[in-house]
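# Summary of structural features
So the chains spell out like this:
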Amino acid sequence: MTKMIHRIHAESLGSYGSPRVHAELTLGLGEKVNRKRVERLMRVASPQGAYRRKGRRNLVNQATEEDLVQRRFTAQAPGVQPKPS
């Protein structure tokens, strides 16, 4: 079983973790194996899947395009004169 896990992990270029290796074993190869057994064998044999998430940047305050019409988004109460600048 460990040899099959190593082969599947190597074919995926080291990117598959235990859920995908388990799916490949059960759905692809028709092996009857428990998910926890695959996790344990991978932990002992030490092939690990690749981490994808590198974090997300906060893009809320960044402008998506340059402001070509020089819009000013300031709220004025009706009937109130704007302060001279």
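Here, every reference points to the structure presented above.
These remarks concern the structure in this document.

Calculation rules
Residues numbered from 1 in each chain as written. Predicted model: local features only at pLDDT ≥ 70, side-chain atom pairs only at ≥ 80, totals over all residues. Heavy atoms only, no water. Helix = DSSP H or I, 4+ residues; strand = E, 2+ residues; numbered from the N terminus. Buried < 20%, exposed > 50% of the residue type's maximum accessible area, 1.4 Å probe, protein only. Contact = heavy atoms within 4.5 Å. Core = buried A, V, L, I, M, F, W, Y, C linked by side-chain atoms within 4.5 Å. Salt bridge = Lys/Arg side-chain N within 4 Å of Asp/Glu carboxyl O.

### With respect to the overall build of the protein chain
A count of helices and strands for the protein chain gives 3 helices and 0 strands. Sequence-ordered secondary structure for the protein chain, helices as α and strands as β, is α-α-α. Each of the 85 residues in the protein chain was classed as buried or not, and the buried ones make up 16%. Taking the contacts inside the protein chain whose residues are at least 6 apart along the sequence as the reference set, 55% of them involve residues at least 24 apart.

### Comments concerning unusual backbone geometry
Even without glycine at this site, Leu13 takes up a positive phi of about 60°. Within the element layout of this structure, Leu13 appears in the loop between helix H1 (2–11) and helix H2 (18–28).

### Observations concerning the nonpolar core
Core analysis: the largest hydrophobic core is formed by 8 residues, namely Ile5, Ile8, Val21, Leu25, Val33, Val38, Leu41 and Met42. Put simply, the parts of the chain that give this core at least two residues each are H1, H2 and helix H3 (35–45). When residues in this core are grouped by element, the largest group, 3 residues, is from H3. The residues touching Leu41, leaving out its near neighbours within four places in the chain, are Met1, Thr2 and Ile5.

### Let's talk about the pattern of salt bridges
A full pass over the atoms with the stated rule returns 2 salt bridges. Between Arg7 and Glu11 there is a salt bridge, and its shortest N-O distance comes to 3.1 Å. Taken together, the residues Arg7 and Glu11, both in helix H1 and 4 residues apart, mark about one turn of the helix. On the basis of relative accessibility, which here comes to 56%, the residue Glu11 falls in the exposed class. Notably, a salt bridge pairs Arg35 with Glu39, separated by 2.8 Å at the nearest N-O pair. Note that Arg35 and Glu39 are positioned in helix H3 at a spacing of 4 residues, about one turn of the helix.

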